[in-house]
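# What the coordinates show
Listed below are the residues making up each chain.
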Amino acid sequence: MDFASQFVQQLINGISLGSIYALIALGYTMIYGIIKLINFAHGDIYMVGAYIGFFAITMIHVSIVPALLISMVVTGLLGMLVERLAYKPLRQAPRISVLITAIGVSFFLEYTSMYFVSPTPRTFPAVFDNVSLHFGSFMVNGQQLLIFGITFILMVVLTYIVQKTKIGKAMRAVSFDVETAQLMGIDADRVISITFGIGSALAAAAGVLVGVYYNSIDPLMGIMPGLKAFVAAVLGGIGILPGAMAGGLILGVIEALVSGFISSTFRDAAAFAILILVLLFKPSGLLGKNTREKV
Amino acid sequence: MNTIRKNDLLLIGLGIVVFAVLQGMMTEGLIGAFWKLNIFIICINIILSASLNLINGYTGQFSLGHAGFMAVGAYVGVVLTTNFHWPFLLALVAGGAAAALLGCLIGLPTLRLNGDYLAIATLGLGEIIRIVIMNIQYVGGAAGFTGIPHLTTFPWVFFVMLFTLIVVKNFVNSTHGRACIAIRENEIAAEAMGVNTTKYKVIAFTIGAAFAGVAGGLFAHCFYIINPSSFTFMQSFNYLIMVVMGGLGSLTGSIAGAFVVTFISAALASWPEFRMIIYALALILLMFYRPQGLFGYIELTQIGIIQRLKLKGGHK
């Protein structure tokens, strides 16, 4: 295989991995945008989503799309429950205590699921026959097409919700200024809860897609992708939805190229190095606006 | 003699008493091997949490890369003692110096970032350090470095810890420390008052990194093997938890935080499957009821009852 076609092949792999990062990063960025919390438990919400999808397919024998929907709904509710129980009582507390609580929630989700589903990795069932489309010398397989399709649909739906609906308008208002939004009659607690629900549902979709793509899930699978997705969110400019999408895709492509052409051991280092370089030259992320600090 | 020196002597005196009691109990066999190791780890964790507190608590800069600096100190230390047969003290100092140098080099560009951006940048740097070490075959790569001499003894960990506490305490009470606290309270106001904010942020970051490096050296010589997976960002989280649990900007808080966290995880060692679940719940509940940490911004010596005792006991 010559260089150009290998490059295109890595690009395709990178975009599928990047779509998954983007889906997780969207949740991160929405939650950060609205309550300024780095929700370290988000990666574990994604893991729970993958397990719910797994059990939906193996136990009630549904096909991939209903499994995806079930997982999104259940995990979305779980995200709202976590917000209600763990973060809502801390609304007035210093931000760092909420962050530590998020780390606590993350440990709790990881080790409780480890207790219930055992720490050994599980093989995700093959949901459809492996079809692959060949374009010249490179190919796209069925799983990748599924990832592209689902991610695209979810992003369109999300953009519609945030830009066109009433609740989306309320979300934007709350993320702009919580107190003023409340004075305008917006129920901020409800909006925050819904944001957690939507963000967690997106992470659940990413979890199910990863299960389909890599065929293996385990209780600690959320740690690294969670961190990478946060890197993606910061890369694009945290709190900005198109930034998270772009950041996720860029990160995925860089990782695929580094592991394809240099060495797969350096792919994590490359992701962080790119992040630091971007932050040094554009501290608010690629699509972030430079806001002047006012005294 | 001014008050600062007097307090130092008091701290050293108290330290020697605590040391004598613990050492006595160890030689008498009252403390078993398991708890002895945990006392070592508590001392090392106190060094790490006190030095992280200098960065996160006193200077208000959100660093999540402490495990990376610890790794640098650990690896420099073990290479010097194992391959070059340097004396332990020199190896520890060299490990601390290497971590400090790296901290200074990293701090200069990244400390321009603020808040969460700095947090994620330092977290990334910590991970880069770990991945680079993992790819250096000279130090054993991912398999780890083996055959380390067991040099860390109780006097070493205890007195290095005491030294760290005295340095951090005196730094915080010095002009430089006041400048750091001013940066934490309000960076713009501090700058307007003539504080060179970049300089003090880098100083705090470098000192913090240096002590993390020394702690890494002590940690590495406790066991016969170290590997890069002991220095993941989860470890950095752990030190952050200790600092926040004890109280940001409180040195007694750092001691308490390191003690409580290490003690909880050691005490729960017999229930491995529930250990992390209970730990997680304890963490969440503590943040609910004491969001400012056990000590908040207060030192033990400033708590009412001790102040009153001091007044009563004072002759003047």
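Residues numbered from 1 in each chain as written. Chains lettered and ligands numbered in written order. Predicted model: local features only at pLDDT ≥ 70, side-chain atom pairs only at ≥ 80, totals over all residues. Heavy atoms only, no water.

Before going further, it helps to spend a moment on unusual backbone geometry. Despite not being glycine, S118 of chain A shows a phi value in the positive range, around 65°. Relative to the helices and strands, S118 of chain A is located in the loop between α4 (95-117) and β1 (122-123). On the basis of relative accessibility, which here comes to 26%, the residue S118 of chain A falls in the partly exposed class. Here H85 of chain B, not a glycine, exhibits a phi torsion of approximately 55°, which is positive. Following the sequence through the fold, H85 of chain B ends up in the loop between α3 (66-83) and α4 (88-110). Classification of H85 of chain B by relative accessible area gives exposed; the value is 64%. (Helix = DSSP H or I, 4+ residues; strand = E, 2+ residues; numbered from the N terminus. Buried < 20%, exposed > 50% of the residue type's maximum accessible area, 1.4 Å probe, protein only.)

Residue and element names in this part refer to chain A. Mapped onto the elements of the fold, S137 is located in the loop between β2 (132-135) and β3 (138-141). Residue class for S137 comes out partly exposed when judged on its relative accessible area of 44%. In this structure, the C-alpha to C-alpha distance between S137 and Q6, residues 131 residues apart in sequence, is 8.6 Å.

Accessible area lost upon the coming together of the parts is a frequently used measure of interface size. In this complex, chain A contributes 45 residues to the contact, which on the side of chain B involves 38 residues. Both faces considered, chain A and chain B share a buried interface measuring about 3,700 Å² in area, 84% of it formed by carbon and sulfur atoms. By the criterion of area lost to chain B, the three top residues of chain A are I100, F107 and L280 of chain A, representing 16% of everything that side buries. The interface formed by chain A and chain B holds zero salt bridges in total. Linking chain A with chain B are two residue pairs in polar contact (both at pLDDT 80 or more). For the side of chain A that touches chain B, the elements supplying multiple residues, two or more each, are α3 (64-87), α4, α9 (223-236) and α11 (267-281) of chain A. For the side of chain A that touches chain B, the leading source of residues is α4 of chain A, giving 15 residues. (Contact = heavy atoms within 4.5 Å. Buried area = accessible area lost by both parts, 1.4 Å probe. Salt bridge = Lys/Arg side-chain N within 4 Å of Asp/Glu carboxyl O. Polar contact = N/O pair within 3.5 Å; in protein donor to acceptor, adjacent residues only side chain to side chain.)

The next point concerns the pairing of β2 of chain A. Residues and elements named next belong to chain A. The sheet contact formed by β2 and β3 spans four bridges and is antiparallel. Across the sheet, the residue bridging to L133 is V140, located in β3. Here β2 hands over to β3 after two residues, with G136 in that stretch at a positive phi of 60°. (Pairing = 2+ DSSP bridges.)

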